[in-house]
Amino acid sequence: LAFGREELRDELRGRSIGWIEDPSNRSDKFERVRMRELAARMERETSERALRVMNGLAGMRAAVIAEARAAVEAAEIDERQARIPVDGYRRMGKEARLRLLEALVMAAGGGETPPRRDALDRLVNRASEASTMGMTLGGAWIRLENACLTVSRAPPRQADAANPPPSAPMWERIRDLLADPRLAALGV
């Protein structure tokens, strides 16, 4: 957002790099388009201040994602489950815990969309405060056992026995679910 369309194109031309026009860059259905339009209507000083705030928020998001990814790297993950030491989990910031559990639930449960925020908040709070717990969310079973937060695919319900889900969680999705363009650009 800090660069206008023509500034970006000039930079690409200067490097002899082509680009593709993406029609979504004109659709106000997307927040980035609405923010660019808003910034264009602001006075220069106000726009610069807003961009500094947005850059700060983007930096905070990158730090949260990096913290969640570090927890995944420290986790014990096998074909059936992911185990995160509960002490390390509880030392994480709340937003990092939320992003971590969101990714683990989606990977274990196989969901394509994140769980509802209110349900995810309840899960984060319970896992942060409880000495014992177990709950399902988004097709995942999350529990505290042996000083670890353990996440696996939820057992199928009786009604679902005819069409059980795949037997193994898709842990390889975690990296994509915790992707952040700013981190990728840094090679993290």
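Structural data are supplied above this passage.
A few points on the structure. (Residues numbered from 1 in each chain as written. Predicted model: local features only at pLDDT ≥ 70, side-chain atom pairs only at ≥ 80, totals over all residues. Heavy atoms only, no water.)

**Topic: unusual backbone geometry**
With phi around 50°, N146 is a residue other than glycine that occupies positive phi space. Relative to the helices and strands, N146 resides in the loop between strand 4 (140-145) and strand 5 (148-153). Overall, the relative accessible area of 66% leaves N146 in the exposed class. Even without being a glycine, A147 presents a positive backbone phi close to 60°. Tracing the backbone shows A147 in the loop between strand 4 and strand 5. Given a relative accessible area of 57%, A147 falls into the exposed group. (Helix = DSSP H or I, 4+ residues; strand = E, 2+ residues; numbered from the N terminus. Buried < 20%, exposed > 50% of the residue type's maximum accessible area, 1.4 Å probe, protein only.)

**Brief notes about the pattern of salt bridges**
Oppositely charged side chains are able to pair whenever their charged atoms sit close together. Within this structure, the stated rule accounts for 17 salt bridges. Close ionic contact of E102 with R99 constitutes a salt bridge, the shortest N to O distance being 3.0 Å. Here R99 and E102 lie together in helix 5 (residues 94-109), a separation of 3 residues that amounts to about one turn. With a relative accessible area of 15%, E102 lands in the buried category. Between R116 and D118 there is a salt bridge; the shortest N-O distance is 3.3 Å. Residue classification places R116 among the exposed residues on the basis of a relative accessible area of 54%. Accessibility expressed as a relative area gives 39% for D118, which makes it partly exposed. A network of salt bridges, in which partner residues are shared, links E6, R9, D10, R13, E21 and R26. (Salt bridge = Lys/Arg side-chain N within 4 Å of Asp/Glu carboxyl O.)

**Some points on the packing of helix 3 (residues 44-74) against helix 5**
At a minimum axis separation of 8 Å, helix 3 and helix 5 run at an interaxial angle of 55°. Considering the angle they form, helix 3 stands oblique to helix 5. Both helix 3 and helix 5 take part in a crossing whose hand is right-handed. Packed against helix 3, whose contacting residues are V64, I65, E67, A68, A71 and V72, the element helix 5 presents E95, A96, R99 and L100 at the interface. Here the contact of helix 3 with helix 5 is composed, by residue class, of 7 nonpolar, no polar and 3 charged. (Axes fitted to C-alpha atoms, helices over the stretch in contact; angles between N-to-C directions. Parallel < 35°, antiparallel > 145°, perpendicular 65-115°, else oblique. Left-handed = near helix turned anticlockwise from the far one by under 90°. Contact = heavy atoms within 4.5 Å. Nonpolar A, V, L, I, M, F, W, Y, C, P; charged D, E, K, R; others polar.)

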